[in-house]
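# What the coordinates show
Here are the chains, one letter per residue:
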Amino acid sequence: MVFLQKLYTWYDDFGRTLPWRGIDDPYRIWLSEIILQQTRIEQGRDYYLRFVEAFPTVNDLAAASEEQVLRLWQGLGYYSRARNLHAAAIYIKDECGGVFPSTYEGILKLKGVGRYTAAAIASFAYRLPHPVIDGNVYRFISRLNGIATPIATDAAYNEFEALLLKRMDWQRPDRFNAALMDFGSLQCKPQPDCGVCPFSDECVALRTGRVDVLPVKAKKAKPKDRWFYYFVFRWKEDGIEHTLVEQREGKDIWRGLYQFPLLETEQELSDKELTNSATFFVKDFFHLTSLTFHLSPVFLHQLTHRTIHARFLKAELPSRPPLLPEKTTPIAVGEIKNIPVSRLIDRYLQSL
């Protein structure tokens, strides 16, 4: 009880007011949790409000096209979250009669939902006693108890879950989880002010001088370098500037998003090599013997497991190409804002 008293006293003074807090609508809680994965609250809040406005219910989301969902998601990254969100909404409509699952096990069946997200929805929407364990909670609890188990593993989740179940507020698991998450985020930060922490008298990490080393994180693999070269062709039809785009397919990054025709290489190309590749490209597809390309600087784009090195080759065509590369689509330049593109493509467009 002392733990809860300290936690709730702090939460009453410093807890955050958020648009998805204090509600019991499982759809909106789920929406917020998916959006906030790998996303700061300040950024995620606006996306949450846009999604709620565009798709007020889970059935509205299910009725949308994947392209509509991806367009609204644009800029958030980790686009598999958006695709999983849409697929789960369709599952709820088709398999659950449009009614959001009301058990932890049922929620866990939704595509893209793991143990943390299922626990959050179950506790916030239905007050079911499942502790939430995100990065902030790992940090707080590992320091408080001196736990050196590497986090973000099944073993760590099981260990932390068992410990939290012993401290759980079984009457108000929603309040308990919200307080726990906020305390880890706002008080027990990576660089905390331990002098004002209500748990400083019992924190094992503080007592043993391990605040800076806990929690222990598993080593991450070095990101893989990839080199992307985009061809940005422009021409005018009836006074309107057009370009070519293609939609990414397969199981690679940014699936379903649009981009300019792409050449990917296993290593970086010199300007001469790049110009030669561009020359062969336009000769094969457009039957043009010469075309002047303007090369952009390198755009670096960091993803979790990949570092993208991108350059854009822009060229003006005399007219609409008589032959288009397979799976490319001509589009008015002004319409690009209406289709989903990656943050990388958006950064390039903003630079023009």
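A brief report on the enclosed structure follows. Everything numeric here is computed off the predicted structure, so don't read it as measured data.

Helices and strands together make up the secondary structure of the chain, namely 14 helices and eight strands. In terms of its C-alpha atoms, the chain occupies a principal-axis envelope of roughly 80 × 50 × 30 Å. For the chain, the proportion of its 352 residues judged to be buried stands at 47%. Contacts in the chain between residues far apart in sequence, at least 24 positions, make up 68% of those at least 6 positions apart. Working note: accessible area of the chain is about 17,900 Å², and carbon and sulfur atoms make up 51% of it. If the 45 positive side-chain charges of the chain are averaged to one point and the 42 negative ones to another, these points end up 4 Å apart.

Positionally, Asp 169 belongs in the loop between helix H10 (154–167) and helix H11 (173–187). In this structure Asp 169 is buried but unpaired, with Arg 175 as the nearest side chain of opposite charge at 5.8 Å. At 2.7 Å, the side chain of Asp 169 forms a polar contact with the side chain of Tyr 8. A polar contact is formed between the side chain of Asp 169 and the backbone nitrogen of Arg 172, at a distance of 3.2 Å.

Right, let's get into empty space enclosed by the protein. The probe, sized like a water molecule, is rolled over the atoms to show the empty space still left. Tallied over the entire structure, the rule returns two cavities of 30 Å³ or more. If you add up the space inside the largest cavity, you get close to 120 Å³. Around the largest cavity sit 14 residues that line it, and Arg 143, Cys 188, Cys 194, Cys 197 and Cys 203 are the ones nearest its centre. Secondary structure elements with two or more residues in the lining of the largest cavity: helix H9 (135–145) and H11. Broken down by element, the residue count for the lining of the largest cavity peaks at three residues, all from H9. Of the residues in the lining of the largest cavity, the class split is 11 nonpolar, two polar and one charged. In this structure, the second largest cavity spans a volume of roughly 40 Å³. Lining of the second largest cavity is provided by Val 245, Tyr 258, Gln 259, Phe 260, Ile 336, Ile 339, Val 341, Ile 345 and Leu 349. Looking at the lining of the second largest cavity, the elements that each hand over two or more residues are strand E3 (258–259) and helix H14 (343–351). For the lining of the second largest cavity, the residue count by class is eight nonpolar, one polar and no charged.

Across its 15 residues, H11 extends 20 Å between first and last C-alpha, which sits within 8% of the 21 Å expected from 1.5 Å per residue. If you check which residues of H11 are buried, you get Pro 173, Asp 174, Phe 176, Asn 177, Ala 178, Ala 179, Leu 180, Met 181, Asp 182, Phe 183, Gly 184 and Gln 187.

Per the counting criterion, the structure on display carries 24 aromatic pairs. For the ring pair Phe 51 and Phe 55, a centre distance of 5.8 Å and an interplane angle of 55 degrees mean the geometry is tilted. Across the pair, Phe 55 and Phe 51 agree in class, each one buried. Both rings, one in Phe 228 and one in Trp 254, keep their centres 6.3 Å apart while their planes meet at 75 degrees; by these two values the pair is edge-to-face. Taken together, the residues span a long stretch of sequence, with Phe 228 in strand E1 (residues 224–237) and Trp 254 in the loop between strand E2 (240–247) and E3 at a distance of 26 residues. Residue classification places Trp 254 among the buried residues on the basis of a relative accessible area of 7%. Taken together, Phe 228, Tyr 230, Trp 254, Phe 260, Phe 299, Phe 312 and Tyr 348 form an aromatic cluster joined through their ring pairs. In this structure, Arg 167 packs its charged tip against the face of Phe 3, placed 4.6 Å from the ring centre. Residue placement shows Arg 175 over the ring face of Tyr 8; its charged tip is 4.3 Å from the ring centre.

Pairing between side chains of opposite charge can happen when the charged atoms of each approach one another. In the structure shown here, the tally under the stated rule is 19 salt bridges. Here Lys 6 ties to Asp 201 by a salt bridge, and the two come within 3.0 Å at their closest N and O atoms. A residue pair is termed long-range when its members are at least 10 positions apart, and Lys 6 in helix H1 (residues 2–14) and Asp 201 in the loop between H11 and helix H12 (204–208) qualify at 195 residues. Lys 6 gets classed as buried once you look at its relative accessible area, which sits at 18%. The residue Asp 174 makes a salt bridge to Arg 127 at a minimum N-O spacing of 3.4 Å. Of the two residues, Asp 174 is situated in helix H11 and Arg 127 in the loop between helix H8 (115–126) and H9; the sequence distance between them amounts to 47 residues.

What counts, and where the lines are drawn
- Residues numbered from 1 in each chain as written.
- Predicted model: local features only at pLDDT ≥ 70, side-chain atom pairs only at ≥ 80, totals over all residues.
- Heavy atoms only, no water.
- Helix = DSSP H or I, 4+ residues; strand = E, 2+ residues; numbered from the N terminus.
- Buried < 20%, exposed > 50% of the residue type's maximum accessible area, 1.4 Å probe, protein only.
- Contact = heavy atoms within 4.5 Å.
- Areas by Shrake-Rupley, 256 points an atom, 1.4 Å probe, with all protein chains shown as cover.
- Lys, Arg positive; Asp, Glu negative; His and termini not counted.
- Charge placed at Lys NZ, Arg CZ, Asp CG, Glu CD.
- Salt bridge = Lys/Arg side-chain N within 4 Å of Asp/Glu carboxyl O.
- Polar contact = N/O pair within 3.5 Å; in protein donor to acceptor, adjacent residues only side chain to side chain.
- 1 Å grid on protein atoms, 1.4 Å probe; cavity = no way out; pocket = protein on both sides within 12 Å on 5 of 7 lines; lining within 4 Å.
- Points joined across faces, edges and corners; volume = space filled by probe spheres on them.
- Nonpolar A, V, L, I, M, F, W, Y, C, P; charged D, E, K, R; others polar.
- Expected span 1.5 Å × (residues − 1).
- Phe/Tyr/Trp six-rings, centres within 6.5 Å; stacked < 30°, edge-to-face > 60°.
- Lys NZ or Arg CZ within 6 Å of the ring centre and 35° of its normal.

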